[in-house]
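Chain by chain, the residues:
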Amino acid sequence: MIHALKPGARSPSATEFFRSGSKKGVSMQCNKCGSENTQRLQVAFEGGTQDISATSHTAGVGSIGGKLGLSGAVTKTSGTQQSVLAQKAAPPPKAPLKPGVGLIVFGLIMMSFVGGFWFVTFGLASIAGGGYMIFKAQQFNSKEWPALYQRWLESWLCHKCGHIYHHA
Ligand SMILES: [Zn+2]
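Presented here is a report on the structure given in the accompanying data block. (Residues numbered from 1 in each chain as written. Predicted model: local features only at pLDDT ≥ 70, side-chain atom pairs only at ≥ 80, totals over all residues.)

## Describing the overall build of the chain
What the chain contains, in helices and strands, is six helices and three strands. Counting from the amino terminus, helix and strand elements in the chain follow one another as α-β-α-α-α-α-α-β-β. Burial status across the chain gives 22% buried among its 168 residues. Within the chain, contacts between residues at least 6 apart in sequence are counted, and of these 67% link residues at least 24 apart. (Helix = DSSP H or I, 4+ residues; strand = E, 2+ residues; numbered from the N terminus. Buried ≥ 20, exposed ≤ 12 C-beta atoms within 10 Å, placed from the backbone. Contact = placed C-beta atoms within 7 Å.)

Quick look at the structure:
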């Protein structure tokens, strides 16, 4: 229904705003379906649930520049769309440090509260393993994650077909 309408005549929206602020000033068309109803992942995500709902509303109102007739349907579907969209738009997660910390704590408990040769050995191994996990996680966070995050910053979400694509 909504999507069959021709893009371009849409009323100003967040999408429009950020698009006009883009360096290249080119139209951010979805490279899969060609729709202009796209949004930066960051925008979709940072807007939070409410904005995502508003976004889908904008998408619904979209092309005809009027709000009649379509808002009802949009409101109905926004509940389920929110979580999916929020999930899709989420930035790449950093490697968690908690598992490593947990393992170290576990090892310390083994050593100091349980005691005995095998528990101490097992505890030391846990601590070493936890330390290694933290090391690897921090390495990932400092070396690989920034690139993934940058990629995320340059990623766009198509509200028509749900395709996520890269456009720096
Ligand atoms: Zn698309």
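## Here we look at the nonpolar core
Counting eleven residues, the largest nonpolar core consists of Met28, Cys30, Leu41, Val43, Ala44, Phe45, Leu85, Ala89, Trp156, Leu157 and Cys158. Elements represented by at least two residues in this core include exactly α2 (41-46), α4 (71-89) and β2 (155-158). For this core, the element with the highest residue contribution is α2, accounting for four residues. (Core = buried A, V, L, I, M, F, W, Y, C linked by C-beta atoms within 7 Å.)

## A few points about the sheet that holds β2
An order of β1-β2-β3 is seen for the three strands of this open sheet, with the pairing classed as antiparallel. Edge strands, defined here as strands with exactly one partner in the open sheet, are β1 (38-40) and β3 (164-166). Sheet twist, expressed as the mean angle between neighbouring strand axes with direction ignored, is 30 degrees. Of the strand pairs in this sheet, β1 and β2 are connected by three bridges, and their pairing is antiparallel. From the neighbouring strand, Arg40 faces β2, where its bridge partner is Trp156. (Pairing = 2+ DSSP bridges. Axes fitted to C-alpha atoms, helices over the stretch in contact; angles between N-to-C directions.)

## Overview of the packing of helix α5 (residues 98-114) against helix α6 (residues 117-153)
The contact between α5 and α6 brings their axes to 7 Å, and the two run at 165 degrees. Of the possible angle classes, the one that applies to α5 and α6 is roughly antiparallel. Between α5 and α6 lies a crossing whose hand is left-handed. (Parallel < 35°, antiparallel > 145°, perpendicular 65-115°, else oblique. Left-handed = near helix turned anticlockwise from the far one by under 90°.)

## Notes on α5
Because each turn of an α-helix spans 3.6 residues, side chains separated by three or four positions end up pointing in the same direction. If you check α5, its first and last C-alpha atoms are 23 Å apart, about what 17 residues at 1.5 Å a residue would give, namely 24 Å. Buried within α5 we find Gly100, Leu103, Gly107 and Met110. Down the axis of α5, the buried side of the element spans an arc of 80 degrees, and every buried residue falls inside it. Structural note: α5 exposes Lys98, Ser112 and Phe113 on the side pointing more than 90 degrees away from its buried face. Buried residues in α5 make contact with α6. Directly after α5, the chain includes Gly115, whose backbone phi takes a positive value near 75 degrees. (Expected span 1.5 Å × (residues − 1). Arc of directions from axis to C-beta.)

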